[in-house]
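Residues per chain are reported as follows:
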Amino acid sequence: MADQQALKVEAAREALKFVEDGMRLGIGTGSTAAEFVRLLAERVADGLSIIGVPTSERTAKLCRELGVPLTSLEETPELDLGVDGADEIGPGLSLMKGGGGALLREKIVAAACRDFIVIADETKHVETLGRFPLPIEINEFGRGATSAAISRAAKKLGLSGEIRLRERDGKPFETDGGHLILDASFGRIPEPRALSDALHAIPGVVEHGLFLDMAGRAVLAGAQGVRTIQA
Ligand SMILES: O=C(CO)[C@H](O)[C@H](O)COP(=O)(O)O
C-alpha cells in the first residue's frame, strides 16, 4: 500500500496546478493542507505571486515560516480558490471536516472562495458520511444544555450515539475562536442537509463539520494514481 503521507503530497501537487499567478487563496488546515503549503511555498520562492488567507493559527505559522504571503478576510473578503483537506468526502462532494479543530475558520474561508478544492488520499472517499465522528463547535456557556439539544435534534432524524467533549492533555480542546468541540459519533448520516439545518437551529452551536455544496472538485490520490472528481 502506498504511503499515506506520500499520497497527500500527490493530491496537494495536483491541486497546485489550479493555482494561477495573482490569485487570492484560502489555505486549509491539517496534514494534507500542510503539504499544499510546502509545495506552494516552493512556487512562491520561484516567483509565483499569490496572497493567502489561512484557516488556522497553525497554518498561518507554517505559511510565515515558509514565506507564503498572508492577508485576512477583512483586507481581502473575496478569494479565488480555496484548497483544504477533509476527514471524509461523501456523495456530491459533501464533506466532513474539523478533525483538526479548525472547522469554523475553514468554513468561513471556504464560503469566501469562488472555487474550492478538497484534497485527500483515497481512503477519505466514502459512500455515506459518518464513519468519522462529526465535530460540532459550541460556545462554552451552557455546553451541557447544547449537547442535550444536539442529542434530541439528532434523535428526531433517527441518529444517536455518543457525544463527547474533545479534550487535549486532559483539558477541553479550545478552538482558535475560543470555543469547544463536541465529537458526535452518530454513525452513518444519510441526510447530512437535514442534520446541518437542525444543528444550525440550536443556540450554542457555533458551526459544525458538514461542508455541503461547497467543494467544486475533489483531488484524490491513491495507489493507482491521482483522480479529480467534479461536483
Ligand atoms: O478539517 C480539517 C482540520 O480541521 C482537516 O482538513 C481534516 O481534519 C483532514 O486532516 P488531514 O489532512 O490531516 O487528514
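Notes on the structure follow. Please read these numbers as outputs of a predicted model, since none were measured by experiment.

The subject of this paragraph is the overall build of the protein chain. Secondary structure summary: the protein chain contains 6 helices and 15 strands in total. C-alpha atoms of the protein chain, sized along the principal axes, occupy 55 × 40 × 35 Å. The 231 residues of the protein chain split such that 52% are buried. Considering only intrachain contacts with a sequence separation of at least 6, the fraction spanning at least 24 residues in the protein chain is 74%. If you sum the accessible surface of the protein chain, you get close to 10800 Å²; carbon and sulfur atoms cover 49% of it. The average position of the 27 basic charges and that of the 34 acidic charges among the side chains of the protein chain differ by 4 Å.

Volume-wise, the largest pocket comes out at about 310 Å³. In terms of lining residues, the largest pocket is bounded by 22 residues, among which V53, P54, T55, R105 and V109 are the most central. Going through the elements one at a time, β2 (51-54), α3 (57-66) and α4 (103-111) are the ones with two or more residues in the lining of the largest pocket. Top contributing element to the lining of the largest pocket by residue count: α4, with 5 residues. Split by residue class, the lining of the largest pocket holds 9 nonpolar, 7 polar and 6 charged. Approximately 180 Å³ is the volume attributed to the second largest pocket. As for the second largest pocket, its lining consists of 18 residues, of which T29, G30, A86, D87 and G100 are closest to the centre. A breakdown of the residues in the lining of the second largest pocket according to their chemical character gives 3 nonpolar, 9 polar and 6 charged.

Around the ligand there are 17 residues in total, and S31, T32, D87, G98 and K124 lie nearest to it. Within the side chain of S31, an N or O atom sits 2.5 Å from an oxygen atom of the ligand. G101 is positioned such that a nitrogen or oxygen atom in its backbone is 3.4 Å from an oxygen atom of the ligand. Protein coverage of the free-state accessible area of the ligand, which is 380 Å², stands at 91%. Mapping the ligand onto the cavity grids shows that it belongs to the second largest pocket. Counted by class, the shell around the ligand contains 2 nonpolar, 9 polar and 6 charged residues.

With respect to the element layout, S94 can be found in the loop between β4 (88-89) and β5 (95-96). Placed 99 residues apart in sequence, S94 and R193 show a C-alpha to C-alpha distance of 9.4 Å. Setting aside chain neighbours within four positions, we find S94 in contact with E88, I89, L129, F211 and L212. There is a polar contact of 2.8 Å between the side chain of S94 and the backbone oxygen of P91.

Analysis parameters
The numbers attached to residues start from 1 for each chain and follow its sequence in the written order. The model is predicted, so local features are restricted to residues of pLDDT at least 70 and side-chain atom pairs to those at 80 or more, both for listing and for counting; the totals for chains, interfaces and linings are taken over all residues. Based on all heavy atoms of the structure, the side-chain values leave hydrogens and waters out of the count. Secondary structure counts use DSSP, requiring at least four H or I residues in a row for a helix and at least two E residues in a row for a strand, with both numbered from the N terminus. Residue exposure (1.4 Å probe, protein chains only): buried if accessible area is under 20% of the type maximum, exposed if over 50%, otherwise partly exposed. Contacts are residue-level and defined by heavy atoms, with any inter-residue pair within 4.5 Å sufficient. Where accessible areas are quoted, they stem from the Shrake-Rupley method and a 1.4 Å probe; at the residue level, only the protein chains shown are allowed to cover. Asp and Glu are treated as the negative residues and Lys and Arg as the positive ones, with His and the ends of the chain left uncounted. To locate a charge, take NZ of a lysine, CZ of an arginine, CG of an aspartate or CD of a glutamate. The method works on a 1 Å grid over the protein atoms by themselves. A cavity is a set of points holding a 1.4 Å probe that cannot get out, a pocket is an open set with protein on both sides within 12 Å along at least five of seven lines, and residues with an atom within 4 Å of a point line them. Grid points are joined across faces, edges and corners, and a volume is the space filled by probe spheres set on the points. Amino acids are sorted into nonpolar (Ala, Val, Leu, Ile, Met, Phe, Trp, Tyr, Cys and Pro), charged (Asp, Glu, Lys and Arg) and polar (every other residue, Gly among them). For each residue, the test is whether any non-hydrogen atom lies within 4 Å of the molecule or strand; if one does, the residue is near. N or O atoms within 3.5 Å of each other form a polar contact, as long as, within protein, one can give a hydrogen and the other can take it, and as long as residues adjacent in sequence are counted only when both atoms are side-chain atoms. What decides whether a molecule sits in a cavity or pocket is whether more than half of its atoms lie within 2 Å of the grid points.

Interpretation in functional terms is not warranted from these geometric data alone.
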